[in-house]
Amino acid sequence: MDTWLSLEEASVYIGSGKTALYALARDGRIPASRVGKKWAFERTQLDHWIRSNKPIETFFTSLDFKIESNASLREPQREGYLRTFEFLRAGRNKAILQIPVGCGKTGLASLLPLGIANGRTLVIAPNITIKDGLFEAMDITNRVKCFWRKAGVLNDAQMASGPLACTLETGNITVASKCHIVITNIQQLATSIEKWLLQFPDDFFAMIIIDEAHHSAADSWKKVLERFPNAQVIHMTATPFRSDRQEIDGELVYRYPFRSATLKGYIKRLKASYVAPSEIELSFADERGRKYSIEEVFKLKEEEWFSKGVALAPLCNQHIVDASLEKLEELRQTGTRHQLIAVACTINHAREIKALYSERGYSADIIHSKQEPEEQKTVLAALRNGTLDCIIQVQMLGEGFDHPHLSVAAIFRPFRSLSPYIQFVGRILRVVVQNDPTHPDNLGHVVTHLGMNLDQRLREFKQFEKDDETFWEKVIGGEDPEVPVAVRAGDTRLAASESSIIVNGEIIDSLWEEDFTSIEDQQIVDDLRERMKLLGLDASQVEELVKKSKPGAMRKRPPAESFPIQPQRALEEARKRVSEQASRLAKILLNHGQLTMEGREIPYKYKSLGLTGRTNFVAAVMMINHEINKRLGKDREKCSTEEFKVILDSLEDILQAAVRRLRKAKSEYEKQQA
């Protein structure tokens, strides 16, 4: 076949008239070379030009790609694509795919337009982290991370003219018009409707792929879907959802079980461990304390007041810390520096948990939504480079956060529904060693306290895995209880203590364990045996492998040994907590006085307090520290750990003493002004 074509040959090759082709060449709108008075056309350049000028409506459907027989693709990627292809080609247009974290959901999103989309594709992520990951996978100029190239779905020649992808940060409608895929996060697309959403004609996108689709019931997502009424919609989620589909509008086309993902080595094998007290002693604000047996704990743990009290109790937290560190050290025996992620109820609670890990000699830090972005980046950098042993989060590090060395999940808060529980556990599902289900580094532990009722969430999860229709109707769904309106509005009076329950004592005589992911379906055994035979491998060990992975009943283990605490480190952490609490109590004091942090009433109007400082907050910190120092009776540098802990146990008394002083000074000022 000739490499170069004449004008006449090229016009036949591309199906164009000679006059039109001559005009294109003369204007530089088609690759051509002038040889004397004649034009010559190189065949491969013409092929590229043809692909580049292919109508958007036929671009994806005319691509030559390799999916069905592609061994580089994971099972849920191939199967999810094929099920979706069949579903959409049958004329239906709202599909739901449910695939566990770590099983290749980003890769599947990259596959879905191929051969299916009759035009441009919009990919929507719930946050910037996921959006960036999706763009990397679909950026044909990214030689390392482009999924189509890595998996051999498309070769370089096929990608010479696309698929072209863009995001909405710096481009405009003209850039989006030149691309086959537009990737964005929902906030960017829906927050400023005039800037983006209304700029697109209602037929601009033929397909919409929504990642982490359990969010899509929110109004912002609905606005987007309503803008493009004729688009095919594919919802992708790693999170269980309700059977009545209130959160997601569509039909469940494909669901890949966690147990299959575990058996294939796509995600870690998980074990759940519960600190189990043989006896726990509680006291309340309005009555004397009493002791509860393990049998009573089993009955009470379903009560919200009880599980929250356990979650916030320092003694119960200490036992979770020791048990979680024991699991961390077990994992680290392989030589891999596994890390721990913890979830707390509040920022103040996270600081208390951080102190518990730090005083045991483990580097720990906190990340939460109220930190400045630079501070969050610093914490995450320390986690990723291995400097941190433990990271404690409050409403952070959710969907899309990918760090395989997180292998222990320590839970210090109750979860009232399955979805947020699974989302948090998902942070430790990423495998360290790919496709090796028995590797010791591909094991993870979920550690909590039996009193938080999280064994119920695990039972719900296992029912979900069995695809029990009764469960789909009754169990999954709902959100954690909403924050009361008065609290959101700032009208309520805040207290120093986050719980009215005090755990005075707890006897831990065992650690209860159970397998998180179940592998009990004989079909999986048969499927795996057949696949090994086809590959020419010995299938005799399949049954044994499944038996090892199959969960038994709850098992009792000896409790974790208490981790030693250096006296110096304990003193440093106790002193730091007192300082942190002084700032926290100062804010609560201003809340009681209905004063703003930036105001100047305390230093400039309430003279009887005798305080200086530029703002109310500075003066309030001085008031709280005055009460603390009065109780200590000595310089803080000379105080013991035990003396600081007495202060931490007396925060409510310290706050109320300061509140009385503030109210008295405010009353005196108002009398003077009358």
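Concerning the packing of aromatic side chains
- Overall, the coordinates contain 15 aromatic pairs when judged by the stated rule.
- Each ring, one from Phe200 and one from Phe205, has its centre 5.2 Å from the other, and the planes form 65 degrees; the classification is edge-to-face. Each member of the pair, Phe200 as well as Phe205, carries the same accessibility label: buried.
- With 6.4 Å between their ring centres and 25 degrees between their planes, Tyr254 and Tyr256 make a pair best called stacked.
- With a relative accessible area of 2%, Tyr256 lands in the buried category.
- Ring pairs connect the aromatic residues Phe200, Phe204, Phe205 and Phe228, which therefore count as one cluster.
- One Lys or Arg, Arg120, reaches over the ring of Phe204 and ends 4.0 Å from the middle of that ring.

Examining unusual backbone geometry
- Of note in this structure, Asn435 is not a glycine but carries a positive phi near 55 degrees.
- Structurally, Asn435 is set in the loop between helix H18 (418-425) and strand S17 (443-449).
- Its identity is not glycine, yet Asn453 carries a phi of approximately 65 degrees, on the positive side.
- Examined against the element boundaries, Asn453 turns out to sit in the loop between S17 and helix H19 (454-465).
- Classification of Asn453 as buried rests on a relative accessible area of 9%.

Some remarks on the nonpolar core
- With 120 residues, the main nonpolar core has Met138, Trp148, Val153, Tyr357, Ile392 and Tyr421 as its most contacted residues.
- Residue contacts for Val153: discarding those within four places in its chain leaves Asp64, Phe65, Lys66, Ile67, Asn70, Leu73, Leu111, Leu114, Phe147, Trp148 and Gln158.
- Listed in part, the 31 residues of the second largest apolar core include Ala582, Ala620, Met623 and Ile654.

Examining the confidence of the model for the protein
- Per-residue confidence for the protein gives a mean pLDDT of 83, with 85% of residues at or over 70.
- Predicted confidence is poor over residues 467-492, with pLDDT under 50, and the contacts of this stretch with residues over four places away or in other chains come to 42 contacts.

Regarding helix H1 (residues 7-14)
- Of the residues making up H1, those classed as buried are Leu7, Ala10, Ser11 and Ile14. Projected onto a plane normal to the axis of H1, the buried residues spread over an arc of 100 degrees and lie on a single side.
- Note on H1: the residue one or two positions beyond its end, Gly15, has a positive phi of about 70 degrees.

A closer look at the environment of Asn435
- Residue classification places Asn435 among the partly exposed positions, given a relative accessible area of 46%.
- Each C-alpha atom, one on Asn435 and one on Arg74, is 9.7 Å from the other, the two residues being 361 residues apart in sequence.
- Sequence-distant contacts of Asn435, that is, excluding residues within four places in its chain, are made with Arg74, Lys264, Gly265 and Tyr266.
- Within the structure, Asn435 has its side chain in polar contact with the side chain of Arg74 (distance 3.5 Å).

Cut-offs used in this document
- Residues numbered from 1 in each chain as written.
- Predicted model: local features only at pLDDT ≥ 70, side-chain atom pairs only at ≥ 80, totals over all residues.
- Heavy atoms only, no water.
- Phe/Tyr/Trp six-rings, centres within 6.5 Å; stacked < 30°, edge-to-face > 60°.
- Buried < 20%, exposed > 50% of the residue type's maximum accessible area, 1.4 Å probe, protein only.
- Lys NZ or Arg CZ within 6 Å of the ring centre and 35° of its normal.
- Helix = DSSP H or I, 4+ residues; strand = E, 2+ residues; numbered from the N terminus.
- Core = buried A, V, L, I, M, F, W, Y, C linked by side-chain atoms within 4.5 Å.
- Contact = heavy atoms within 4.5 Å.
- pLDDT = per-residue confidence, 0-100.
- Arc of directions from axis to C-beta.
- Polar contact = N/O pair within 3.5 Å; in protein donor to acceptor, adjacent residues only side chain to side chain.

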